[in-house]
Amino acid sequence: MTTATTEAVRLTERINRIEPSATMAVVAEADKLRQQGIDVVDFGAGEPHFSTPQHIKEAGIAAIQGNYTKYTAVAGTAELRDAIAHRHNVDFDSDYRREEVIAATGGKNALFNAIQVLVDHGDEVILPVPYWVSFKDIIRYAGGNCVLLEADEAQGFRVTAEMVAKLITSRTKAIILNSPSNPSGAVMTPNDMTEVVRLAHERGIWVLSDECYVYLNYTSKNFSVGSLREFKERMVILGSLSKTYAMTGWRLGYAMGPSAVISAMAKLQSQSTSNPTSIVQKAAVAALKGPQQCVEEMRAEYIQLRDHVVQGLRSIPGVTCTLPEGAFYSYPNISSFFGRGGLKSAADVAGRLLREAHVATVPGEGFGTKEHIRVSYATSKAELDRGLERMRKFFGAL
C-alpha cells in the first residue's frame, strides 16, 4: 500500500472510538450461514415477529397513493408531533407540547442526537450494566466517558438511587435509564425510577430515559418518568414505534424534552438526516391515534413466550436465568460452562452455538457482561423449542 493510499484511508479519531454493533454482527453471521443452506434458529434478532398491524400499513399505502412524498418539517409534521405528545400524555400522565417533541429516523437516531447535544468531551455518563449495545458507543462518539454501574443480578438487575449516588462526580452530565431493559428484560420499579430522577434533579444531572420497550412491561402498570412532571426540565424521554407497533423497518422514533434541547436536536437533524420519511410519518399517526388493542395483544403473547423460554432455559443443567419482567429478551448466565470444551467467555459460547448448534444468540460482552448470552424470544413457541433443544444438546455434550 502506498503512502498516498494509506493517507487516503486514515480515519478520524472519533470513528475509531466506537465498534460495530454486536447485535448487527450476529445478524450478519447468521445470514452468511443461511446463504450456505444451513438452517439457523435465530434468537439474536431484536425485533418483533409480528407483522405491522393492517391499519398502519394501509395508512402508509394511502400516503403513497395520495402523493404524500415531499419533505416535511425537520422535526416531523405538526400532526405527528401532536400525536406523539397526546399518546404519551394519555398513557402516562405526562405533559408534553408540540415544541417539546421531535420525530426521528428511529429511536437510535433520536438517542444519538440527544447525546450529541448534551454530552461534551470529558463529560461522564452513568450507564447501568448490562446496557444496550449502542449506549456506550454513542456516548464515546460524543467524547463522553461511560461510568459503568453494575446492576444487581441477584435482584433481577436492580438499579437504585443509592447505587447511582456512589458514582456521581463533578463531571457527571447524565444518567441513562432503560426500563424495560435490553438485554436483561429488567424493569425498574416506579419508586426506584422516581428516586433516581429526584437525585439527578437535585444534582443538576440529565436523565435520558430510553422507553423503547415501555409498553412491554409485564409487572403491573406501565410507567414512564414523564409522569414525574415536576422534574421534566432535566429529562429527555426517548421512544420508538418499532417494538410497540412492530414497525422496526419503518424507522420512526422520537424524543421529548425541554424545548431548548429539542430545538438543538432539530438543528443537528437538519444537517444530517433531515425529516423522517413523510410516508412513515402518516403511518405513525395512524399507529398512535388508531386502536391500541394490537399493542395489548402482542404484549399478552410475549408474556406466554417469556414464560416458555425461561422454563426451557432453566431446564438446561448449568444455565441460570433471572425472570425478565419486560421487553422480549432473556439473559441467561452461562458462566458455569467456562473451562469446559475450551470455552472461556460468552463470546466463545455464542460463537460455537452458532457454528455448531446453528442457534444465533448475542454474547454478553456487547452488553457489558462476560457471563451471559442474550436470547430473543420474539418468535413462535415451535421455533423456541427447536432452538432450546439444540442448546440443550450443545451444553449437554460439553
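Preceding this section is the structure that the text describes.
A quick note: this is a predicted structure, and the numbers were derived from the prediction, not measured. (Residues numbered from 1 in each chain as written. Predicted model: local features only at pLDDT ≥ 70, side-chain atom pairs only at ≥ 80, totals over all residues. Heavy atoms only, no water.)

The subject of this paragraph is the overall build of the chain. The number of helices and strands found in the chain is 14 helices and 12 strands. The C-alpha atoms of the chain give 21 Å as radius of gyration, which agrees with the globular expectation for 398 residues (21 Å, within 12%). By its C-alpha atoms, the chain is 60 × 60 × 50 Å across when sized along the principal axes. For the chain, with 398 residues in total, the buried portion stands at 55%. (Helix = DSSP H or I, 4+ residues; strand = E, 2+ residues; numbered from the N terminus. Rg over C-alpha atoms; globule rule 2.2 N^0.38 Å. Buried < 20%, exposed > 50% of the residue type's maximum accessible area, 1.4 Å probe, protein only.)

With that settled, the discussion passes to the environment of Asn333. Checked against the element boundaries, Asn333 lands in the loop between strand S9 (329-330) and helix H13 (346-357). Each C-alpha atom of the pair Asn333 and His55 lies 40 Å from the other, and the pair is 278 residues apart in sequence. For Asn333, the residues in contact, after removing those within four places along its chain, are Glu153, Gly318, Val319, Thr320, Glu371 and His372. In this structure the side chain of Asn333 is engaged in a polar contact, spanning 2.7 Å, whose partner is the side chain of Ser335. (Contact = heavy atoms within 4.5 Å. Polar contact = N/O pair within 3.5 Å; in protein donor to acceptor, adjacent residues only side chain to side chain.)

The next subject is the pairing of strand S5 (residues 172-178). Counting buried positions along S5 yields six of seven residues, so the element is predominantly enclosed. Taken together, the five bridges between S5 and strand S6 (residues 206-210) define a ladder with parallel strand orientation. Across the sheet, the residue bridging to Ile175 is Val207, located in S6. Following the backbone out of S5, through helix H9 (residues 190-203) and into the adjacent parallel S6, one traces a crossover that is right-handed. (Pairing = 2+ DSSP bridges. Right-handed = clockwise from strand over helix to strand, strands pointing away.)

Further remarks concern the environment of Gly253. In this fold, Gly253 is placed in strand S8 (residues 253-256). Here the alpha-carbon distance between Gly253 and Phe223, two residues 30 residues apart in the chain, equals 19 Å. The contacts of Gly253, once residues within four sequence positions are left out, are Ile102, Ala103, Ala104, Gly106, Gly107, Gly239 and Ser240.

Next up on the list: helix H6 (residues 107-118). Spanning 12 residues, H6 covers 17 Å between terminal C-alpha atoms, matching the ideal 16 Å at 1.5 Å per step. By the burial criterion, the buried members of H6 are Gly107, Asn109, Ala110, Leu111, Asn113, Ala114, Ile115 and Leu118. (Expected span 1.5 Å × (residues − 1).)

This next bit is on the sheet that holds S8. Overall, mixed pairing links the seven strands, which are arranged S2-S8-S7-S6-S5-S3-S4 in an open sheet. Each edge of the open sheet carries a strand with a single partner, namely strand S2 (101-104) and strand S4 (145-150). Across the sheet, the axes of successive neighbouring strands diverge by a mean angle of 20°, strand direction being ignored. In terms of strand pairing, strand S3 (residues 124-129) meets S5 through three bridges, oriented parallel. (Axes fitted to C-alpha atoms, helices over the stretch in contact; angles between N-to-C directions.)

On to the sheet that holds strand S12 (residues 373-376). The strand order across the open sheet built from three strands is S9-S12-S11, with neighbouring strands paired in antiparallel fashion. Edge strands, defined here as strands with exactly one partner in the open sheet, are S9 and strand S11 (362-363). The sheet contact formed by S9 and S12 spans two bridges and is antiparallel. Residue pairing across strands places Ser330 opposite Val375, the latter belonging to S12. Of the strands in this sheet, S11 and S12 are in contact with H13, which crosses S12 at around 40°.

As a further point, take the pattern of salt bridges. Scanning the entire structure with this criterion turns up 21 salt bridges. Here the salt bridges share partners, and the residues they tie into one network are Asp39, Glu383, Arg386 and Arg390. (Salt bridge = Lys/Arg side-chain N within 4 Å of Asp/Glu carboxyl O.)

All right, on to the pairing of S4 then. For S3 and S4, the ladder comprises six bridges, and the chain directions are parallel. Its bridge partner lying in S4, Leu127 is registered against Leu148. Crossover handedness for the path S3 to helix H7 (residues 133-141) to S4: right-handed.

By size, the foremost hydrophobic cluster in this structure holds 90 residues, and its most contacted members are Ile115, Val164, Val236, Leu241 and Tyr245. Ranked by residue count, the leading element in this core is helix H11 (residues 278-289), at six residues. Among residues more than four places away in sequence, those in contact with Ile115 are Ile138, Ile139, Ala142, Ile176 and Leu208. Formed by 37 residues, the second largest nonpolar core is a distinct cluster that contains Ala246, Val319, Leu388 and Phe395. (Core = buried A, V, L, I, M, F, W, Y, C linked by side-chain atoms within 4.5 Å.)

In this structure, Pro130 follows Val129 across a cis peptide bond, with omega equal to 5°. Take Pro130: it is sitting in the loop between S3 and H7. The amide bond that connects Ser179 to the next residue, Pro180, takes the cis arrangement and shows omega of -5°. By secondary structure assignment, the location of Pro180 is in the loop between S5 and H9. Even without being a glycine, Asp93 presents a positive backbone phi close to 55°. Within the secondary structure, Asp93 sits in the loop between helix H5 (78-92) and S2. Residue Ala327 is not a glycine yet carries a positive backbone phi of 60°. Within the secondary structure, Ala327 sits in the loop between helix H12 (293-314) and S9.

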